[in-house]
Amino acid sequence: MTTMQKLLQLPVNAVNIVKTVQSQVQGQEEDKSPVLTPDNAQQAWYSAVQPDELRHLRSGGSGGGGGGSGGGSEQEERGLQEEGGGGGGIFHTQPLRHDDLKEMLDSNKDALKLEAMKRIVAMIARGKNASDLFPAVVKNVACKNIEVKKLVYVYLVRYAEEQQDLALLSISTFQRGLKDPNQLIRASALRVLSSIRVTIIVPIMMLAIKEAASDMSPYVRKTAAHAIPKLYSLDPEQKDQLIEVIEKLLADKTTLVAGSVVMAFEEVCPERIDLIHKNYRKLCNLLIDVEEWGQVVIINMLTRYARTQFLNPNINESLLEEGGGGDKTFYCSDEDEDEDEEKEKQAEVSALAKRKPYVMDPDHRLLLRNTKPLLQSRNAAVVMAVAQLYFHLAPKAEVGVIAKALVRLLRSHSEVQFVVLQNVATMTIKRRGMFEPYLKSFYIRSTDPTQIKILKLEVLTNLANETNISTILREFQTYIKSMDKDFVAATIQAIGRCATNIGEVRDTCLNGLVQLLSNRDELVVAESVVVIKKLLQMQPEKHSDIIKHMAKLTDNIQVPMARASILWLIGEYCEHVPKIAPDVLRKMAKSFTNEEDIVKLQIINLAAKLYLTNSKQTKLLTQYVLNLAKYDQNYDIRDRARFIRQLIVPTEKSGALSKYAKKLFLALKPAPVLESPFKDRDHFQLGSLSHLLNAKAGGYQELPDWPESAPDPSVRNVEVPEWTKCSSREKRKEKKVEKPFYSDSEGESGPTESADSEPDTGSGSESVSVSVESGSPSDSEESEESSESDEDEEEEEKEKKKKKKEIKQMQASESEQSSEDDRKRDRKIKEQKSNSESESDEDSESESSQSESSDTESEVEVKKKKKVSEPKPPSKPLKKEKKEMSLLDLDDFEPTPSPQVTPVNTFLSNSLVTDLEGLSLSDSVLSPATIAPSSALKNYELLHRITGEGLSVEYCFSRQAFSPDANMVAVQMHFTNNATSDTKNLHIEDVKLQSGMRVKEFAEIELLPAGEATTAVMGVDFCDSTQAANFQLCTHTRKFFVSIQPPVGELMRPVFLTENEFKKEQSQLMGMNEISENLTLDAKCRNEHAIVQRVTTAANLSRVPCGSDKECRFAGKTVTSGSLVLATVATKDEGAAQLTVNCEKMVIGTMLVKDLLLALTQ
Amino acid sequence: MIHSLFLVNASGDIFLEKHWKSVVSRSVCDYFFEAQERATEPENVPPVISTPHHYLISVLRHRIYFVAVIQSEVPPLFVIEFLHRVVDTFQDYFGVCTEAAIKDNVVVVYELLEEMLDNGFPLATESNILKELIKPPTILRTMVNTITGSTNVGEQLPTGQLSVVPWRRTGVKYTNNEAYFDVVEEIDAIIDKSGSTITAEIQGVIDACVKLTGMPDLTLSFMNPRLLDDVSFHPCVRFKRWEAERILSFIPPDGNFRLLSYHVSSQNLVAIPVYVKHNITFREGSSQGRFDLTLGPKQTMGKAVEAVLVSSQLPRGVLNANLNPSQGTYTFDPVTKLLTWDVGKINPQKLPSLKGTMSLQAGASKPDENPTINIQLKIQQMAISGLKVNRLDMYGEKYKPFKGIKYMTKAGKFQVRT
């Protein structure tokens, strides 16, 4: 019924007859076309709308190309309407009003309202002005019908700005919508509310956004993020408040919000890079699940972020290129910020620095790793975003991965190709090798649009080198025959560029171009002449015949640029063609008046040059030409003639300059450099609009240069940076909650918690504090022994259990930790350090032990030696030891070993573990680090007190994983200043290493006061050899040559194997890889425990559980190459035993056997 | 980001405009028209035009320019990709994306644009979600709409945007559960004068039409996944699984979608299905030219080469062509100088040929350019790279779906230089 009604009612004006006819015609067309088979009914609707719509179409549409539509008043519209052709005449008397529409909107039937709204929207779509309907429309904003509502929203958003007062009528509806229980309604209300650009409602919007930002529904939060830039553009004053909201939303964990909020961030406060720190890792990890548009925005933002936060991964190369500026930057290892800061100061140690490997920040790596899969996205913008990220951030060796993906985009729409090729062209200049394998993908097809062809040509030219130039030139030959003349001209220029860049083909190219001179197409010839001119300029002597050939061409070539080029060439090299040049001038003089200006200028130049070199023949000609030029219409030419006459023709008055005329004209001109227009375009962020236009677009954020030194990487840690200062439990708890979210592995919160709870207990974490304070392993052992003495036997069993739990937890945390980035660990340690430091003040015991140790250093040493020689106490005392330890720091158990922490506690824990192995041969995977049964650690002397002039240095192999580089052996150094004066600036210099070996030196120790001691940890990669690392230990006054030679047992790290694994591995390392030796065990070492103790002391191996008590098995891996090292001690009667070592590296194996023999028999 | 959108037809009329932020006068398009005039061919209009206050980024699809107005820095590909997505959506909704179709459905178009962008930033671009928000016009629905006066706006608010699987709507129900996969490969090649291959590569896609009830989880495995050199996926594909096992595992969107596109580049793998013998010569001084073209099957693995269409842009000097095809029909457009020859199926016993003369402009010199020959063809039931789907499994739902796989090879940009 409605249709009927409409059909009867709506065609109010006379046009409708015409219209129906038209619509019928249209209908027929539609029936024929496969377009919209369904649309019979739609049509009916269409015809109903048409009268009105068409009227508008007429009025504006025909005047289309012209200007104003938006603010068009009725007056204007009528004017346009009059211009409009077609049936326009009918409208002349009809004023443009929308009475019928208003009527429909006022009716109480939804159908009518909807119909009216549809027509209004259609008017808006065509750019017609429907603003006079505002009051009628805005009334319907509260309409129950969802469809009407939607269309009203469309209208509102379009016209609210023009009718601000009336628009306010609608606000309350939205405010109600914001409270709706349905999240979608809330979102849509916020969306429209924020889209209405009415300044008065800014506070309302602000409030709404703030509320929505903490909405339960992520969809609403997303909408809030979208609303932020809207409000910002409406009222920039709100920036500060908006940033708060952004900060809040950035912390959001849902993928839905991430893209939108980063977008808002980019529009409102792109300079507030500090807001990103805490969310960096989260964004990286979420990235793959964010919707594609959000991915683009996030990746672009992270590119900028990374440029400010990380170091240039190509720094070594760029340094070589630049010839060694900025040594400083080398020092930044990103790993421990303390080290960095100190290192920056020792810029003078450049020799060392150069050998120092750049270590990529794990966060930098995280970004690269997480964006890489997105190269497979179907969305070209995402692929491009990742490509630019890799181009700007990745180490050179890794950038190559993007080439394939970019080449894939070349299959896409031509607009995509256009943008991608522009970027590829820029990339090929910097990194040619990357695209070389894909050379053929840039071959040009005749069906490509010209702009694509020219870009491909650019890429091909950039890719040309000695090896592929022949193929490329062959391709170019085909292109020259193309029908597309612009393209041919570009090809000729490309040939010219190839010729200048690649010396070997210069002659070939030149010959090819000369052949083109006989081409029938003048454009081709002209272009060739111009290019030849440039090429000849590089080596004119060789090519006088080409110049002659070109001289002949002046008769035929008409293109002014080409003629001018030939004339210039002849003038420039007139010595090479002394006979022809005057003749050319003669011809030119003849046709002078008919030439183009640019040619005339060159004729004058030619004349001048010839006059100077060959005045006898050309004097008259020159004067003739100059006379002609004197009366030329162009002032430029007249000026030139006047100037030249004064300069070359000697007169009485002629000034000093004429003497130098020859020098002026025949000066050696530098050869032109043919450069790609894409050179240096990479200072714009690739993929950006600015890059494409090669001009800064509005709102472009400069891609910052790499920082000289890495900013503090810990800012990205999720914990609040001032962790150590904060003592309140609540605060820490907050952080705790956040933490597991960022980690790669799930369920790590347990260990984290244990780590967190640690500082809280505050009961003296004795061993830790001691070790940190005193640092020397011997000292710590000492203190330990003393503590051992007051052990409490009663609690033994209970404690043991507890301990076991503790250890498991610790192991879990460690395995998780080691897989995690090292930095977190470092952090924690530092925190602990400071904690324990503060604690130590209260803890008199540790203090006293410390003072004692520093005072009586020599004594300690003696004791230590004694201890080493002593057999290890059997298992029972060990258990006690462990118990003792747990007694003191049940909660403070150090879960994260690190180089900074002295081996004391590991010693304990490790022996514990060895012990526990007997108790629980469970399948639980124990982390290798914890299992390492590093017993008493031997100290070696690096620098004696006397040679060191008071400074004595000892070192030991702490058997800890060296966190900055897993392939390094951690060497712990203990410095003691026995002198009376302070020692300053302790650092390492001039490292002399065997090839392949690397050293990561400790942070410079700025001050070592007299009588004090300190420790430091350095890492050495010995490359699995026992070669010594030689270096100089420098103080502010002296340098000492020292060397560290590792015993073979320190070149490995323990691995945990089960019995079966061990057997399996052993069976694979037979024959040459197996070394066996019979021995008689030392009398003191005939029990199992002693054997274990001795072996693990001699070598950094871990015990492998074993069913038989006759055999002890140990396993480890070499530090650098990771080759397995297996050792077996099979005991027989009477102290006889067989030692078997299986190792892929026979040298290591042999040496290890020797060392173990020594250890077991002594 | 995207400020406004103008739709311009081939004759340079703006027939639709949509603004997301404040209104930009349509006079901004004058810069675009200027560039359009300068460009000789429609596709040579630069996609990015800089004007004093705005930047215009445009795409050309179906002879309609979609001109987006940008005010500040934004990755151009972002806009271009979005505009193409808009066109794809229109096509999805209306079957075609022509001026007429857009004008007929202007309200739907407007509603779509409104949903797709918020403040110039893409909001919902997945067709599954959009279809929940705005129902596509169908015969029945338009009929009902006219009678009841309702629109295509979804009655219920969509849930898709909030679901765990953003590309699939919830509560899908079919009586016949079917999943079809088309493996379509296109050969891109340039063959030089002597018949040797200069460059050849295969671009393949797997298009799917999945109509399955509920939330099915599919895995698709190949017999020879190593063939695939470079792949890009629909967001539904689990990338990690592919990396690890070379298996496509995904929860499919509802309806039609492109599962993946891939690339096979190693040249020796690319079989060239047809060869062309050509002899196109122009004699100096004469106003005649000879044209002789023969097609034959080369490596087709026993399958018939069908729907062969040869086209060539002859030199400008050619006035007319008087040719004689052994099969099929040919046309020559004297204005555009485009020669097309609809060959049909190639019969290996009787090779199709096209012979005859071309008449040249009298007195004009011999054209020195040689036309290139573009070939289109189709080979059914074969993927030229040899890619084979091993199996398709469904998890997560109980019923047994009907599964179908179709292979097809086409010529992509297949060009023979003469």
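Residues numbered from 1 in each chain as written. Chains lettered and ligands numbered in written order. Predicted model: local features only at pLDDT ≥ 70, side-chain atom pairs only at ≥ 80, totals over all residues. Heavy atoms only, no water.

Focus on the overall build of chain A
Then step 1. Of regular secondary structure, chain A possesses 53 helices and 15 strands.
Then step 2. In chain A, of all internal contacts separated by at least 6 residues, the share reaching a separation of at least 24 is 69%.
Then step 3. Total accessible area on chain A stands at roughly 47,400 Å², and carbon and sulfur atoms take up 51% of it. (Helix = DSSP H or I, 4+ residues; strand = E, 2+ residues; numbered from the N terminus. Contact = heavy atoms within 4.5 Å. Areas by Shrake-Rupley, 256 points an atom, 1.4 Å probe, with all protein chains shown as cover.)

A look at the pattern of salt bridges
Then step 1. Considering all chains together, one arrives at 53 salt bridges over all chains under this definition.
Then step 2. Residue A:Arg1113 pairs with A:Glu1111 through a salt bridge whose shortest N-O separation is 2.8 Å.
Then step 3. By relative accessible area, A:Arg1113 is classed as buried at 6%.
Then step 4. For B:Arg61, the salt bridge goes to B:Asp88, with nearest N and O atoms at 2.8 Å. With B:Arg61 in strand β4 (residues 55–61) and B:Asp88 in helix α2 (residues 76–94), the pair connects residues that are 27 residues apart, well separated along the chain.
Then step 5. You can call B:Arg61 buried: its relative accessible area is 12%.
Then step 6. It is possible to trace a salt-bridge network through shared partners that takes in A:Lys150, A:Arg191, A:Lys230, B:Glu115 and B:Asp118. (Salt bridge = Lys/Arg side-chain N within 4 Å of Asp/Glu carboxyl O. Buried < 20%, exposed > 50% of the residue type's maximum accessible area, 1.4 Å probe, protein only.)

Considering the environment of A:Ile1075
All names here are of chain A.
Then step 1. Residue position: Ile-1075 is located in strand β11 (residues 1074–1080).
Then step 2. Of the residues examined, Ile-1075 reaches a relative accessible area of 17% and is grouped as buried.
Then step 3. In this structure, the C-alpha to C-alpha distance between Ile-1075 and Val-1153, residues 78 residues apart in sequence, is 7.5 Å.
Then step 4. If near-sequence neighbours (up to four positions away) are discounted, Ile-1075 is found in contact with Leu-1139, Thr-1140, Val-1141, Met-1146, Gly-1149, Thr-1150 and Val-1153.

Overview of unusual backbone geometry
Residue and element names in this part refer to chain B.
Then step 1. Positive phi values are uncommon outside glycine, yet Arg-63 reaches one of about 60°.
Then step 2. For Arg-63, a relative accessible area of 64% translates into the label exposed.
Then step 3. Although it is not a glycine, Ala-307 sits at a positive phi angle of roughly 50°.
Then step 4. Considering the arrangement of structural elements, one finds Ala-307 in strand β16 (residues 305–313).

Here's the deal with the environment of A:Met550
Residue and element names in this part refer to chain A.
Then step 1. Here Met-550 is to be found in helix α32 (residues 544–553).
Then step 2. Judged by its relative accessible area of 1%, Met-550 falls in the buried class.
Then step 3. Separated by 16 residues in sequence, Met-550 and Ile-566 have C-alpha atoms that sit 6.5 Å apart.
Then step 4. Every residue in contact with Met-550, bar those within four places of it in the chain, is listed here: Leu-517, Val-529, Ile-532, Leu-536, Ile-566 and Leu-569.

Observations concerning the interface of chain A and chain B
Then step 1. In this assembly, 110 residues from chain A lie in contact with 113 residues from chain B.
Then step 2. Here chain A meets chain B over a buried area of about 9,700 Å², counting both sides, of which 56% is carbon and sulfur.
Then step 3. On the surface where chain A and chain B come into contact, there are eleven salt bridges.
Then step 4. There are 37 residue pairs in polar contact (both at pLDDT 80 or more) connecting chain A and chain B.
Then step 5. Among the elements that line the side of chain A that touches chain B, the one with the most residues is helix α6 (residues 110–125) of chain A, at seven residues.
Then step 6. The class makeup of the residues in the side of chain A that touches chain B is 45 nonpolar, 37 polar and 28 charged. (Buried area = accessible area lost by both parts, 1.4 Å probe. Polar contact = N/O pair within 3.5 Å; in protein donor to acceptor, adjacent residues only side chain to side chain. Nonpolar A, V, L, I, M, F, W, Y, C, P; charged D, E, K, R; others polar.)

Some thoughts on the packing of aromatic side chains
Residues and elements named next belong to chain B.
Then step 1. All chains considered together, the criterion is met by 26 aromatic pairs over all chains.
Then step 2. Ring geometry for Phe-181 and Phe-250: centres 6.4 Å apart, planes at 75°, overall edge-to-face. Residue Phe-181 is found in strand β8 (residues 178–191), and its partner Phe-250 is found in strand β12 (residues 247–250); the two are separated by 69 residues along the sequence. Considered together, Phe-181 and Phe-250 belong to a single accessibility category, that of buried residues.
Then step 3. Ring centres 6.5 Å apart and planes at 90° place the aromatic pair Phe-222 and Trp-242 in the edge-to-face group. With Phe-222 in strand β10 (residues 217–222) and Trp-242 in helix α7 (residues 239–245), the pair connects residues that are 20 residues apart, well separated along the chain.
Then step 4. Given the relative accessible area of 6%, Phe-222 is considered buried. (Phe/Tyr/Trp six-rings, centres within 6.5 Å; stacked < 30°, edge-to-face > 60°.)

A few points about the sheet that holds strand β22 (residues 389–395) of chain B
Residues and elements named next belong to chain B.
Then step 1. A sheet is described by the order of its strands in space; here three strands give the open sequence β12-β10-β22, paired in antiparallel fashion. With one partner strand each, in any of the chains shown, β12 and β22 form the two edges of the open sheet. Within this sheet the neighbouring strands show an average axis-to-axis angle of 15°, counted without direction.
Then step 2. With six bridges connecting them, β10 and β22 associate as antiparallel partners. Bridge pairing links Thr-219 to Asp-393 in β22. (Pairing = 2+ DSSP bridges. Axes fitted to C-alpha atoms, helices over the stretch in contact; angles between N-to-C directions.)

Things to note about the packing of helix α11 (residues 183–195) of chain A against helix α12 (residues 202–213) of chain A
Residues and elements named next belong to chain A.
Then step 1. Where α11 meets α12, the closest approach of the two axes is 10 Å, and the angle between their N-to-C directions is 150°. The pairing of α11 with α12 is recorded here as roughly antiparallel in orientation. Crossing angle aside, the handedness with which α11 passes α12 is left-handed. For the pair formed by α11 and α12, the contact residues are Leu-190, Leu-193 and Ser-194 on the first element and Ile-204, Met-205, Ala-208, Ile-209 and Ala-212 on the second. (Parallel < 35°, antiparallel > 145°, perpendicular 65-115°, else oblique. Left-handed = near helix turned anticlockwise from the far one by under 90°.)

As for the confidence of the model for chain A
Residues and elements named next belong to chain A.
Then step 1. Model confidence for chain A is summarised by a mean pLDDT of 71, while 68% of its residues fall at 70 or above.
Then step 2. Within chain A, the lowest mean pLDDT, 37, falls on helix α50 (residues 928–931), and the highest, 92, falls on helix α22 (residues 380–393).
Then step 3. Below a pLDDT of 50 lies the segment residues 812–831, which in the model reaches 59 contacts outside its immediate sequence neighbourhood of four places, other chains included.
Then step 4. Contacts of residues 833–935 to residues separated by more than four positions or lying in other chains number 218 contacts, the stretch itself having pLDDT below 50. (pLDDT = per-residue confidence, 0-100.)

Quick notes on the packing of helix α5 (residues 99–106) of chain A against α6(A)
Packed helix pairs are specified by the crossing angle of their axes together with the interaxial distance, meaning the distance between the axes.
Residues and elements named next belong to chain A.
Then step 1. Their axes nearest at 7 Å, the elements α5 and α6 cross at an angle of 140°. In terms of orientation, α5 lies oblique with respect to α6. Viewed along their axes, α5 and α6 form a crossing whose handedness is left-handed. Counting all contacts with α5, which are made through Asp-100, Leu-101, Met-104 and Leu-105, the residues of α6 involved are Leu-112, Lys-113, Glu-115, Ala-116, Met-117, Arg-119, Ile-120 and Met-123.

Description of helix α37 (residues 635–648) of chain A
All names here are of chain A.
Then step 1. In a regular helix each residue adds 1.5 Å, so 14 residues correspond to 20 Å; α37 covers 20 Å between its end C-alpha atoms and thus fits that length.
Then step 2. Within α37, the full set of buried residues consists of Ile-637, Ala-641, Ile-644, Leu-647 and Ile-648. Mapping the buried residues of α37 onto a view down its axis gives an arc of 135°, with all of them on the same face. In α37, the exposed positions that point more than 90 degrees away from the buried face belong to Tyr-635, Arg-642 and Gln-646.
Then step 3. Elements that come into contact with the buried residues of α37 comprise α35 (597–613), α36 (615–630) and α38 (661–665).
Then step 4. For α37, the capping residue at the N-terminal end is Asn-634, with a side-chain oxygen 2.6 Å from the backbone nitrogen of Asp-636. (Expected span 1.5 Å × (residues − 1). Arc of directions from axis to C-beta.)

Concerning the confidence of the model for chain B
Then step 1. For chain B, mean pLDDT is 84; residues scoring 70 or higher make up 91% of the total.
Then step 2. Confidence metrics for the complex model read pTM 0.64 and ipTM 0.91.

Structural notes on the environment of A:Asn717
All names here are of chain A.
Then step 1. Checked against the element boundaries, Asn-717 lands in the loop between α39 (689–693) and α40 (729–742).
Then step 2. Asn-717 gets classed as buried once you look at its relative accessible area, which sits at 1%.
Then step 3. Counting along the chain gives 440 residues from Asn-717 to His-277, while the straight-line C-alpha distance between them is 7.9 Å.

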